[in-house]
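# Coordinates in review
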Amino acid sequence: MPTRIAIDGPSGAGKSTLAKRIAANLGFVYVDTGALYRSISLAMLRKNAVSDAEIEQGLDGLEISFRHIDGQQHVFIGEEDVSDLIRTPEVTMNASRVSALPAVRAFLLELQRKIASEQSVVMDGRDIGTVVLPDAEVKIYLTASAGKRAMRRFLEMQEKHISTQTYEEVLADVIRRDQQDMTRETAPLKQAEDAVLADTSELDLSGSEQLLMKIVKEKLGA
Ligand code: DC
């Protein structure tokens, strides 16, 4: 029986970096569910699908999948590797919009559950502990202050040369996305009742990793 570790929380809390590390430490597969919503966002921007009805229609025949290349998760639309294309601010903001639609969430739900049923996973997202894997063995709600999260995102984008946004613009986006993700009707971002809260505002990466490994070990009794 595979073991499932769910890590939810707002953008920029360090979910993907930490989930990747935890997965590597445990020999589990890391699953970045945000990449699925981002891929739908990209597909809809390309189709010019803006209204709810257009987006719902646009899901017809859309094929999104994960493939592992050199141990790294890549996301595909059909046969196209879109792993890098889904990281722009435009795709990011639209991902928050499309992810609010019940049809989009239903479209991705089975895929996420199927992946988690086939192997032990560390899955990160917004509703993994509350909706996708309510029976996960470990649930962590990872967060940090909006200012800290925006600064981390800003530095990451600068390093990867993927945006010219100022820190203030990144912070405004972070706050707007938090608001959208937390107030949507379907599967809003919230801490599952049985999730352990991990606040990394005052921790660096290695401190955060230690905290998460401690929580995981306690929960798994390892
Ligand atoms: O984690 P991320 O920044 O890559 O997520 C992109 C968007 O997708 C984010 O605005 C919220 C949405 N999302 C979601 O609604 N549910 C998930 N499980 C993962 C992401």
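Reference entry: report on the structure contained in this document. Quick caveat, the model's predicted, so the values are computed rather than measured.

## A word on the pairing of strand β3 (residues 64-69)
Sheet topology note: the β3/strand β4 (residues 72-77) ladder contains six bridges and is antiparallel. Looking at the pairing, Ile69 lines up with Gln72 of β4. The hairpin turn running from β3 into β4, its antiparallel successor, is two residues long, and Asp70 in that turn takes a positive phi close to 50°.

## Here's the deal with the packing of aromatic side chains
As enumerated under the stated definition, the model contains one aromatic pair in all. Relative to Tyr167, the ring of Phe154 has its centre 6.3 Å away and its plane inclined at 80°; by these criteria the two rings are edge-to-face. Residue Phe154 is located in helix α7 (residues 146-159), and its partner Tyr167 is located in helix α8 (residues 167-183); the two are separated by 13 residues in the primary sequence. Over the aromatic face of Phe76 sits the side chain of Arg67, whose NZ or CZ is 4.1 Å from the ring centroid.

## With respect to the nonpolar core
Ile40, Met44, Leu62, Val75, Val104 and Met123 are the most contacted members of the largest nonpolar core, which has 33 residues in total. For this core, the secondary structure elements donating two or more residues are α2 (34-47), β3, β4, α4 (89-98), α5 (102-118), β6 (121-125) and α6 (128-132). Top element by residues in this core is α2. It accounts for seven residues. What Leu62 contacts, discounting residues up to four positions off in sequence, is Ile40, Ala43, Met44, Ile77 and Phe107. In terms of nonpolar packing, the next biggest core, distinct from the first, is built from 18 residues, Ile5, Ile140, Leu142 and Val216 among them.

## A word on the layout of surface pockets
Counted as a void, the second largest pocket has a volume near 150 Å³. Sort the elements by how many residues they give to the lining of the second largest pocket and α5 lands first, with four residues. Of the residues belonging to the lining of the second largest pocket, the class tally is six nonpolar, four polar and two charged.

## So, the pairing of β6
The element β6 is extensively covered by neighbouring structure, given that five of its five residues are classed as buried. Along β6, one buried face is formed by Val121, Met123 and Gly125 and the opposite face, lined by Val122 and Asp124, is buried too. Relative to β6, strand β1 (residues 4-8) is paired through five bridges, and the arrangement is parallel. Residue pairing across strands places Ala6 opposite Met123, the latter belonging to β6. Two elements, strand β2 (residues 29-32) and β6, share four bridges in a ladder whose sense is parallel.

## Concerning unusual backbone geometry
Residues other than glycine predominantly adopt negative phi, and peptide bonds predominantly adopt the trans conformation. Positive phi outside glycine occurs at Asn48, with the angle close to 60°. If you trace the backbone, Asn48 turns up in the loop between α2 and α3 (52-58). Its relative accessible area of 61% is what places Asn48 among the exposed residues. Despite not being glycine, Ala187 shows a phi value in the positive range, around 45°. Among the structural elements, Ala187 can be located in the loop between α8 and β8 (196-199).

Analysis parameters
- Numbers given to residues run from 1 along each chain, matching the order in which its sequence is written.
- For a predicted model such as this one, the threshold for reporting local features is a pLDDT of at least 70, and the threshold for listing and counting side-chain atom pairs is 80 or more; totals across whole chains, interfaces and linings nevertheless cover every residue.
- Water and hydrogen atoms play no part in the side-chain values, which are based on all heavy atoms of the structure.
- Strands are labelled as partners when DSSP assigns at least two bridges between them.
- Here a helix means four or more residues in a row that DSSP labels H or I, a strand means two or more in a row labelled E, and each is numbered from the N terminus.
- Each pair of aromatic rings taken from Phe, Tyr and Trp, with Trp reduced to its six-membered ring, is defined by centres within 6.5 Å and is described as stacked if the planes are under 30 degrees apart, edge-to-face if over 60, and tilted in the remaining cases.
- Charge-over-ring contacts are defined here by two conditions on Lys NZ or Arg CZ: a distance within 6 Å of the ring centre and an angle within 35 degrees of the ring normal.
- In plain words, nonpolar cores are sets of buried Ala, Val, Leu, Ile, Met, Phe, Trp, Tyr and Cys residues tied together by side-chain atoms within 4.5 Å.
- Exposure classes here rest on a 1.4 Å probe applied to the protein chains alone. A residue is buried below 20% of its type maximum, exposed above 50%, and partly exposed in between.
- Any pair of residues with heavy atoms lying within 4.5 Å of one another is described as a contacting pair.
- Grid points spaced at 1 Å and placed over the protein atoms alone form the basis of the search, with a cavity being a set where a 1.4 Å probe fits but cannot get out and a pocket an open set showing protein on both sides within 12 Å along at least five of seven lines. Lining residues have an atom within 4 Å of a point.
- Grid points are joined across faces, edges and corners, and a volume is the space filled by probe spheres set on the points.
- Residue polarity follows a fixed list, in which Ala, Val, Leu, Ile, Met, Phe, Trp, Tyr, Cys and Pro are nonpolar, Asp, Glu, Lys and Arg are charged, and the others, Gly among them, are polar.

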